[in-house]
Amino acid sequence: MRLPRSGPGDGACVCGSGRGYASCCGPLHDGAAAVTAEALMRSRYAAYALGLEDHLFRTWHPRTRPAGPLTGGGLVWCGLRVLRTEAGGADDTVGVVEFEADHQVPRDGRAGTVVRTMREVSRFERRAGRWVYVDAVT
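Residues numbered from 1 in each chain as written. Predicted model: local features only at pLDDT ≥ 70, side-chain atom pairs only at ≥ 80, totals over all residues. Heavy atoms only, no water.

A. The arrangement of the side chain of histidine 103 in detail. In this fold, histidine 103 is placed in strand β2 (residues 94–106). With a relative accessible area of 11%, histidine 103 lands in the buried category. (Helix = DSSP H or I, 4+ residues; strand = E, 2+ residues; numbered from the N terminus. Buried < 20%, exposed > 50% of the residue type's maximum accessible area, 1.4 Å probe, protein only.)

B. A look at the confidence of the model for the chain. Averaged over all residues, the pLDDT of the chain is 89; the fraction at 70 or higher stands at 89%. Counting interchain partners and residues more than four positions distant, the pLDDT-below-50 stretch residues 1–6 has 22 contacts. (pLDDT = per-residue confidence, 0-100. Contact = heavy atoms within 4.5 Å.)

C. Broad picture of the state of the cysteines. Enumeration over the complete set of coordinates arrives at 0 disulfides. Here cysteine 24 stays unpaired: no disulfide links it, and the sulfur of cysteine 15, its closest cysteine neighbor, is 3.6 Å away. (Disulfide = S-S within 2.5 Å.)

D. Geometry of the nonpolar core. Within the largest apolar cluster, 26 residues are counted, with the highest numbers of intra-cluster contacts made by Cys15, Cys25, Leu80 and Phe124. Looking at this core, the elements with two or more residues in it are α1 (25–29), α2 (37–50), β1 (76–87), β2 and β4 (130–136). (Core = buried A, V, L, I, M, F, W, Y, C linked by side-chain atoms within 4.5 Å.)

E. Molecular detail of the pairing of β1. With 10 bridges joining them, β1 and β2 adopt antiparallel strand pairing. Bridging across to β2, glutamate 86 finds its partner in valine 96. Taken together, β1 and the strand that follows it, β2, pair antiparallel across an intervening segment of 6 residues, in which glycine 88 is found at a positive phi of about 75 degrees. (Pairing = 2+ DSSP bridges.)

F. View of the packing of aromatic side chains. By the definition in use, this model includes 4 aromatic pairs. Between tyrosine 48 and tryptophan 77 the ring centres are 6.2 Å apart and the planes differ by 55 degrees, which places this aromatic pair in the tilted class. With a gap of 29 residues between them, tyrosine 48 in helix α2 and tryptophan 77 in strand β1 connect regions that are remote in the sequence. Exposure remark for tryptophan 77: the relative accessible area of 12% places this residue in the buried category. Between phenylalanine 124 and tyrosine 133, the ring centres sit 5.7 Å apart and the planes meet at 70 degrees, which makes this aromatic pair edge-to-face. (Phe/Tyr/Trp six-rings, centres within 6.5 Å; stacked < 30°, edge-to-face > 60°.)

Structural data, given as structure tokens:
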């Protein structure tokens, strides 16, 4: 499934939730707290797709956050599938979200791009009442 790159005022949210950006990831990108770990993960995917470095920085646990930059590298994010969640609800303190994210990368020395899929099992914690990304389970 290919998702359009969208953002403020563009309609459907790039995270693939089926909701509009203004009622999905938009408020989280503006600083609202995610209710669930999955909502945070979707907003982080959308932030990668839209190049919103500040959102990624704010929502990454300070203990595991790299120095940055967190976006770039010429990737074009073009699809997200949530495969499963464990805990991560409104009343939980930890959560896990497994997902696949498609991205386009330039072909080595040839015209065009190739689509690759990244699969990750992400761990989240609630810190000071807000969900943050901790790390990927290997």
